[in-house]
Amino acid sequence: MSRIPALSEQLRKLNIEQMYENDFFLTWDKSDDEIAAVFAVADALRDLRERNISTKIFDSGLGISNFRDNSTRTRFSFASACNLLGIEVQDLDEGKSQIAHGETVRETANMISFMADVVGIRDDMYIGKGHTYQQEVADALRDGYETGVLEQKPTLVNLQCDIDHPTQCMSDLLHVIHAFGGVENLRGKKVAMTWAYSPSYGKPLSVPQGVIGLFTRFGMDVVLAHPKGYDVMDAVEKVARSNAEQSGGSFTKTNNMKEAFYNADIVYPKSWAPYAAMEERTELYGVGDFDGIDALEQRLLQQNAAHKDWECTEEMMSLTRDGSALYLHCLPADITGVSCDEGEVAQSVFDRYRVPLYKQASFKPYIIAAMIFLSKVKDPASALEMLEARAAERKAF
């Protein structure tokens, strides 16, 4: 049965005019209606594809992907999202560009965007750099359009920065919405966003920050748990507290993993680097102090090793509500005895949740496609209805 009529009706009730021809940086920059619209369009696009109906709204166009850090899921999700809408993808390899020869950000942004409709950027490695870089690219693209250099203004989509990972966290939440049978069922649910041990030292803060900055908008009781010294950005915690107050939920912190897991409905154990250490790392790279970077790495590995008991084990899972909390991870997880000797999650726990984890990841192409769709289509409800009425087959046989 088609979900398009109900989802289109929902979209028409939302105030989302500002999404047209706009970018997507941080979830907390978007209104509740705009977040709801992304979820509605993502579900609609998935419904159409599951029924073999083409969702191509472009017959030409280019999506530029710029991954300044390694990626599997997000890279292929961006490519899948662009293809779903009829856009081809070209990856910007900065090592093969003129950037090394002094080409400015403004110049690069315009040169790659003559026929581009969307630019997706991952830049998550250095505190104070990634979000700033994305904004600089977006400003250059806007200027290029307004001065007539570009025939269209490409949409910029944040595929992860130093502050937030909106495509990941919105995929996570849409998975949760489906798992609990609707957004109305999330109120009062306890979410444990916890640090977990990893044998590597430099994992970004953007996932835990994105989770507390988004999940607190839905009336849930969100707990941020980590050992002392593994703090995230104060500014994002402030966002989480404000969201919780407005939604009727709560945002609390603890240095006890068991306390966070106790009676939790949803657990998200994942490693991240301390905010202060990531700031130090950025400063060391800025001055080219590679000996200092090596020393910092060794210090942080020793610091991590003091907290190997922060692992998502069967014992930890037994503390959750009815022992059956929904386990989330952005992947790849550090699985004890599989990908490392000691890690974030026990093999038995991961294996038990493998299928739900893969389903969690499967929402990301639709979330990204929805962000692009809402930026490029002035009347998204009518466009979805037209796609269904046209009923062009995605594949003929």
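These notes cover the structure that comes with them. By convention here, each chain's residues receive numbers from 1 onward along its written sequence. Selection of residues for local features in this predicted model requires a pLDDT of at least 70, selection of side-chain atom pairs for listing and counting requires 80 or more, and totals for whole chains, interfaces and linings are taken over all residues. Excluded from the side-chain calculation are hydrogens and water; included are all heavy atoms of the structure.

Points about the pattern of salt bridges
Then, in step 1: When a carboxyl oxygen of Asp or Glu is within 4 Å of a side-chain nitrogen of Lys or Arg, the pair counts as a salt bridge. Tallied over the entire structure, the rule returns 22 salt bridges.
Then, in step 2: A salt bridge links R299 to E280, with the shortest nitrogen-to-oxygen separation between them at 2.8 Å. Within this pair, whereas R299 is found in helix α11 (residues 290-305), its partner E280 is found in helix α10 (residues 275-286), the two being separated by 19 residues in sequence. By definition, any uninterrupted DSSP run of H or I lasting at least four residues is a helix, any uninterrupted run of E lasting at least two residues is a strand, and each is numbered from the N terminus.

Quick notes on the layout of surface pockets
The gaps of empty space that remain are located by a probe, the size of a water molecule, rolled over the atoms.
Then, in step 1: Using a 1 Å grid laid over the protein atoms alone, points where a 1.4 Å probe fits but cannot get out form a cavity; open sets with protein on both sides within 12 Å along at least 5 of 7 lines form a pocket; any residue with an atom within 4 Å of a point counts as lining. Grid points are joined across faces, edges and corners, and a volume is the space filled by probe spheres set on the points. Considering only enclosed or pocket space, the largest pocket measures out at about 590 Å³ in volume.
Then, in step 2: Lining the largest pocket are 28 residues, with N70, R122, K203, P204 and P332 sitting closest to its centre.
Then, in step 3: Contributions of two or more residues to the lining of the largest pocket are made by α3 (73-85) and α10.
Then, in step 4: Grouping the amino acids of the lining of the largest pocket by side-chain chemistry returns eight nonpolar, 10 polar and 10 charged.
Then, in step 5: The space that makes up the second largest pocket amounts to roughly 360 Å³.
Then, in step 6: In terms of lining residues, the second largest pocket is bounded by 18 residues, among which Q10, A36, F39, I177 and V183 are the most central. Polar here means any residue other than Ala, Val, Leu, Ile, Met, Phe, Trp, Tyr, Cys and Pro, which are nonpolar, and Asp, Glu, Lys and Arg, which are charged; Gly is therefore polar.

Regarding the sheet that holds strand β5 (residues 190-194)
Then, in step 1: Spatially, the five strands line up as an open sheet ordered β7-β6-β5-β8-β9, and their pairing is parallel. Lying at the two open borders of the sheet, with one neighbouring strand each, are β7 (250-254) and β9 (326-327).
Then, in step 2: Two strands qualify as a pair provided DSSP detects at least 2 bridges between them. In this sheet, β7 lies alongside strand β6 (residues 221-225) in parallel orientation, the contact comprising five bridges. Each residue of the ladder has a partner; that of L224, found in β7, is K253.
Then, in step 3: Whether two residues touch is decided by their heavy atoms; if any such pair falls within 4.5 Å, the residues are in contact. Axes, fitted as lines to C-alpha atoms, cover a helix only where it is in contact. Angles between the N-to-C directions of the axes lie from 0 to 180 degrees. Helix α8 (residues 234-247) contacts β6 and β7 of the sheet and is inclined by roughly 140° relative to β7.

Details of empty space enclosed by the protein
Then, in step 1: This structure, assessed with the given rule, holds one cavity of 30 Å³ or more.
Then, in step 2: Volume-wise, the largest cavity comes out at about 60 Å³.
Then, in step 3: Residue lining of the largest cavity: M19, N22, D23, F24, K30, T155, L156, V157, M371 and S375, and that is the complete set.
Then, in step 4: The dominant element in the lining of the largest cavity, judged by the number of residues it contributes, is strand β4 (residues 155-161), at three residues.
Then, in step 5: Of the residues contributing to the lining of the largest cavity, the split by class is five nonpolar, three polar and two charged.

Some thoughts on the packing of aromatic side chains
Then, in step 1: A pair of aromatic rings is counted whenever rings of Phe, Tyr or Trp (Trp by its six-membered ring) have centres within 6.5 Å, and the orientation is called stacked for planes under 30 degrees apart, edge-to-face for over 60 and tilted otherwise. According to the stated counting rule, one finds six aromatic pairs in the structure shown.
Then, in step 2: With 5.7 Å between their ring centres and 55° between their planes, Y327 and Y353 make a pair best called tilted. You can see Y327 sitting in strand β9 and its partner Y353 sitting in the loop between α13 (347-352) and α14 (354-362), a full 26 residues away along the chain.
Then, in step 3: Three labels apply to residues, based on accessible area from a 1.4 Å probe with only protein chains included: buried if under 20% of the type maximum, exposed if over 50%, partly exposed otherwise in between. Y327 sits in the buried class, given a relative accessible area of 0%.
Then, in step 4: Across from the ring centre of F363, 4.7 Å away, lies the NZ or CZ of R46, which sits over that ring.
Then, in step 5: One cation-aromatic arrangement involves R68 over Y133; the distance from NZ or CZ to the ring centre is 3.7 Å. In this analysis the charged atom, NZ for Lys or CZ for Arg, is taken to sit over a ring once it is within 6 Å of the ring centre and within 35 degrees of the ring normal.

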